[in-house]
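Fold and geometry: a report
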Amino acid sequence: MTTRTQQTTSPTAQQQGTHHFVLTLQKPHGGGTTTATFANTLTPLPGDTRTDIYELLREQIAKAHPELATANVLFFSLEPNQL
């Protein structure tokens, strides 16, 4: 999913990224709404900020799902991937 960060799609314990994200988007569709949630792990590049990762995720989701390019953000979380 990313070009600027390392990411796994089916992580194992040693392959998980350093951060976990959840991003939920919603857009009006027909007489209702379409809602989509994206979640995974990634490792930001040195110097990356939460804003950088948020913008990167929005950009990549828009490329993969153009219909969500103008969707509203219902939820965004980016946390260290540790217990």
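These numbers come from a predicted model, not from an experiment.

**With respect to the overall build of the protein**
On a plain count of helices and strands, the protein comes out with 1 helix and 4 strands. Each helix and strand of the protein, placed in order from N terminus to C terminus, yields the pattern β-β-β-α-β. Per-residue burial for the protein yields a buried fraction of 31% across its 83 residues. Partitioning the intrachain contacts of the protein with sequence separation of at least 6 by distance along the chain shows that 64% fall at a separation of at least 24. Accessible surface, the protein as shown: approximately 5400 Å² in total, 52% of it carbon and sulfur.

**Considerations on the pairing of strand β2 (residues 19-29)**
Two elements, β2 and strand β3 (residues 32-43), share 11 bridges in a ladder whose sense is antiparallel. Residue His20 lies in a different strand from β3, and its bridge partner there is Thr41. Counting the residues between successive antiparallel strands, the hairpin from β2 to β3 contains 2 residues, one of them, Gly30, with a positive phi of roughly 60°. Here 8 bridges tie β2 to strand β4 (residues 72-80), and the two strands are oriented antiparallel to one another. When the bridges of β4 are listed, Val22 appears paired with Ser77.

**Structural notes on helix α1 (residues 50-64)**
Over its 15 residues, α1 extends 21 Å from the first C-alpha to the last, a length consistent with the 21 Å expected when each residue adds 1.5 Å. Looking only at α1, the buried set comprises Ile53, Leu56, Leu57, Arg58, Gln60 and Ile61. Those residues of α1 hidden inside the fold are in contact with β2, β3 and β4.

**Concerning the pattern of salt bridges**
Oppositely charged side chains can form a pair if their charged atoms are brought close together. For the coordinates displayed, the defined rule picks out 1 salt bridge. Lys63 is the salt-bridge partner of Glu59, the closest N and O atoms lying 3.5 Å from each other. Remark: Lys63 and Glu59 occur in helix α1; sequence separation between them is 4 residues, near one turn of the helix. Its relative accessible area of 63% is what places Lys63 among the exposed residues.

**Here's the deal with the nonpolar core**
Phe21, Leu23, Leu25, Phe38, Leu57, Ile61 and Leu68 are the most contacted members of the largest nonpolar core, which totals 13 residues. Elements with a minimum of two residues in this core: β2, β3, α1 and β4.

Conventions and cut-offs
Residues numbered from 1 in each chain as written. Predicted model: local features only at pLDDT ≥ 70, side-chain atom pairs only at ≥ 80, totals over all residues. Heavy atoms only, no water. Helix = DSSP H or I, 4+ residues; strand = E, 2+ residues; numbered from the N terminus. Buried < 20%, exposed > 50% of the residue type's maximum accessible area, 1.4 Å probe, protein only. Contact = heavy atoms within 4.5 Å. Areas by Shrake-Rupley, 256 points an atom, 1.4 Å probe, with all protein chains shown as cover. Pairing = 2+ DSSP bridges. Expected span 1.5 Å × (residues − 1). Salt bridge = Lys/Arg side-chain N within 4 Å of Asp/Glu carboxyl O. Core = buried A, V, L, I, M, F, W, Y, C linked by side-chain atoms within 4.5 Å.

Remember, this is a structural readout, not a statement about activity or role.
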